[in-house]
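Examination of the molecular architecture
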Amino acid sequence: MEYQWYPGHMTKARRMMQENIKLIDLVIELVDARIPGASRNPDIDELGGGKPRLVLMNKADLADERKTAAWVRYFEDRGCFVIPLDARSRNGMKAIDRKVELACQEKIQRDRSRGILNRPVRAMVVGIPNVGKSTFINSFAKKAVAKTGNKPGVTKGKQWIRMSKTLELLDTPGILWPKMGDQQTGLYLALIGSMNDEILDPEKMALSLIALLQEQYPGVIEKRYGFTDLVLSDEDEGMAIRMLEEIAKVRGCLKKGQEADLTKAAGLFLEDFRSGRLGRITLEQIPTEKEEEEENQ
Ligand code: G4P
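So, a few notes on the structure that sits alongside this text. Because the structure is predicted, anything quoted here is derived from the model rather than measured. Positions within a chain are numbered from 1, following the residues in the order the chain's sequence is written. Confidence filtering applies because this is a predicted model: local features only for residues at pLDDT of at least 70, side-chain atom pairs given and counted only at 80 or more, and all residues used for totals across whole chains, interfaces and linings. Excluding hydrogens and water, the side-chain values take into account all heavy atoms of the structure.

Assigned secondary structure in the protein consists of 12 helices and 8 strands. Only protein chains enter the accessibility calculation, which uses a 1.4 Å probe. A residue is then buried if its area is under 20% of the maximum for its type, exposed if over 50%, and partly exposed in between. Buried residues in the protein amount to 46% of all 297 residues. When contacts within the protein are restricted to residue pairs at least 6 apart in sequence, those whose partners lie at least 24 apart make up 69%. Numbering of helices and strands runs from the N terminus; a helix is a DSSP stretch of H or I covering at least four residues, while a strand is a stretch of E covering at least two. Should any heavy atoms of two residues lie within 4.5 Å, those residues are counted as being in contact.

This is the structure we're talking about:
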């Protein structure tokens, strides 16, 4: 996947979003539950034009349930409606209609007072690449009755998918740019596989992931690869390297001459993380108040 964002892309995405926002009642924002903050678009509050927001924390099947619950509260405290979701297996889908109603209560009341009954809420799905927008629309639409055609008053060419009595979705999602600015965000996006792996250094990424996991999920690596005699401490300078060497040994990643093939081991290790074989892991912590203040400056 091409994953470079240039100002040109951003301008186009922004323009599309500004055009479409006028047509909708609700923004459905998908984030990756393993990095809920880093997988958001930094300008979404401004771009959302004050419309109610439903945050779907997708890939919740891969994330740590306890941390997901804490992130749900975090987003709710900031005025969003939130549902953890696994768009692939459709877990969480049932809660959507009810949340949409809650999020759009004002609009529904307004319609009612004008004698308009049961006009569905119109929404647009937005999110950075690879968060699962298409998977969500497709699996949600599977049970949908039909695509609704162009309607009077709606910009030509826009297609709406009728999801339920309550909800219609614009069939093309809004692709937003990720916040590539700071190192940590870039690392998180790379680790979950949202960036073009070809331009990244798997070994460096694996070493960073090892360090992160040792801090936040001590023991998971040892458990996955069955290390028994590896004694490491946090102060151990070469801890991450030694661990990667050990993974190479256990998984038989060896070059000619029995030297550990760290690039190959790194690839296997990253794949184990991305596919959930290391367990359910959330990499990103909820920001502290101080961090948030700095962010908003
Ligand atoms: P996008 O439109 O936002 O760019 O994302 P897309 O739906 O293409 O999904 C990106 C990848 O994420 C796909 O995997 C998809 O199957 C996976 N995915 C989407 N939702 C979920 C979820 O809730 N849980 C998990 N575990 N995975 C999810 P892929 O490797 O690109 O394709 P494939 O393996 O499905 O063939």
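On to the site of the ligand, then. Whether a residue is near a molecule or strand depends on its heavy atoms: it is near if one of them lies within 4 Å of it. In the vicinity of the ligand, 14 residues are found, and the nearest of them are Ala 87, Asn 130, Lys 133, Ser 134 and Thr 135. The contact in question runs from an oxygen atom of the ligand to an N or O atom on the side chain of Asp 86, over 3.1 Å. Surface accessibility follows the Shrake-Rupley procedure with a 1.4 Å probe radius. Residue values consider only the protein chains on display as shielding. Starting from 710 Å² of accessible surface for the ligand in isolation, the protein chains cover 64%. With 3 residues, the top contributor of residues to the shell around the ligand is helix α6 (residues 133-141). Each residue receives one of three labels: charged for Asp, Glu, Lys and Arg, nonpolar for Ala, Val, Leu, Ile, Met, Phe, Trp, Tyr, Cys and Pro, and polar for the others, Gly being one of them. Counted by class, the shell around the ligand contains 4 nonpolar, 5 polar and 5 charged residues. Here a polar contact means two N or O atoms within 3.5 Å. Within protein one must be a hydrogen donor candidate and the other an acceptor candidate, and residues neighboring in sequence count only if both atoms are side-chain atoms.

A word on the packing of aromatic side chains. Stacked, tilted and edge-to-face are the three classes assigned to paired rings of Phe, Tyr and Trp, where Trp is represented by its six-membered ring and a pair needs centres within 6.5 Å; plane angles under 30 degrees give stacked, over 60 edge-to-face, the rest tilted. Summed over all chains, the structure comprises 6 aromatic pairs. Plain terms: the ring middles of Tyr 225 and Phe 227 are 6.0 Å apart, the flat faces sit at 25° to each other, and that makes the pair stacked. Tyr 225 sits in the buried class, given a relative accessible area of 6%. Pairing Tyr 225 with Phe 269 gives two aromatic rings, centres 6.3 Å apart and planes at 55°, and the pair type is tilted. Remark: Phe 269 occurs in helix α11 (residues 262-274) and Tyr 225 occurs in helix α9 (residues 220-225); sequence separation between them is 44 residues. A residue is classified by how much of its surface remains accessible, and Phe 269, at 0% relative accessible area, is buried. Here the aromatic residues Trp 71, Tyr 74 and Phe 75 are joined through ring pairs into a cluster of three or more.

A separate point is the pairing of strand β1 (residues 26-32). For β1, the tally of buried residues reaches 7 of 7 residues, placing the bulk of the element in the interior. Along β1, one buried face is formed by Leu 26, Ile 28, Leu 30 and Asp 32 and the opposite face, lined by Val 27, Glu 29 and Val 31, is buried too. As paired elements, β1 and strand β4 (residues 121-127) share 4 bridges and run parallel to each other. When the sheet's bridge partners are listed, Ile 28 is paired in β4 with Val 125. By this definition, two strands are paired if DSSP reports at least two bridges between them. Two strands pair when backbone bridges link them, and β1 and strand β2 (residues 53-58) are joined in this way by 6 bridges, in the parallel orientation. When the sheet's bridge partners are listed, Glu 29 is paired in β2 with Val 55.

This next bit is on the pattern of salt bridges. One speaks of a salt bridge when a side-chain nitrogen belonging to Lys or Arg is within 4 Å of a carboxyl oxygen belonging to Asp or Glu. Taken as a whole, this structure holds 17 salt bridges when the rule is applied. Arg 14 serves as the salt-bridge partner of Asp 43, at 3.0 Å between the closest nitrogen and oxygen. Separated by 29 residues along the polypeptide, Asp 43 in the loop between β1 and α2 (44-47) and Arg 14 in helix α1 (residues 7-21) bring together distant segments of the chain. One salt bridge in this structure joins Asp 111 and Arg 119, with 3.1 Å as the shortest N-O distance.

Now for the packing of helix α8 (residues 202-216) against helix α10 (residues 239-250). Helix packing for two helices is described by the angle between their axes and how far apart those axes are. Angles run from 0 to 180 degrees between N-to-C directions of axes, and those axes are lines fitted to C-alpha atoms, restricted for helices to the stretch in contact. The contact between α8 and α10 brings their axes to 9 Å, and the two run at 110°. When the axes of α8 and α10 are compared, the pair comes out roughly perpendicular. Of the residues in α10, those in contact with Glu 203, Ala 206, Leu 207, Ile 210 and Gln 214 of α8 are Met 239, Ala 240, Ile 241, Met 243 and Leu 244. Considered class by class, the residues forming the contact of α8 with α10 number 8 nonpolar, 1 polar and 1 charged. What sets the label is the angle itself: under 35 degrees gives roughly parallel, over 145 gives roughly antiparallel, 65 to 115 gives roughly perpendicular, and the rest give oblique.

At a closest axis distance of 9 Å, the pairing of α10 and α11 adopts a crossing angle of 85°. By the angle between their directions, the pair α10 and α11 is classed as roughly perpendicular. In this structure, α10 contributes Leu 244, Glu 245, Ile 247 and Ala 248 to the contact, and α11 contributes Leu 262, Ala 265, Ala 266 and Phe 269. Here the residues of the contact of α10 with α11 sort into 7 nonpolar, no polar and 1 charged.

Right, let's talk about the pairing of β2 for a bit. The buried fraction of β2 is high, at 6 of 6 residues. Burial along β2 is two-sided: the residues Arg 53, Val 55 and Met 57 and Leu 54, Leu 56 and Asn 58 are all buried. For the segment spanning β2, helix α3 (residues 65-77) and strand β3 (residues 81-84), crossover handedness is right-handed. When the strands point away from the viewer, a crossover counts as right-handed if the path from the first strand over the helix to the second runs clockwise.

Residues grouped as a nonpolar core are buried Ala, Val, Leu, Ile, Met, Phe, Trp, Tyr and Cys residues, joined through side-chain atoms within 4.5 Å. Counting residues in each nonpolar core, the largest one holds 63 residues, and the members touching the most others are Ile 28, Ile 96, Phe 136, Ile 221 and Phe 269. Residue ranges for the domains originate in an automatic or database domain assignment. Of the domains in this structure, domain 1 (8-179) and domain 2 (201-274) are the two that each give at least three residues to this core.

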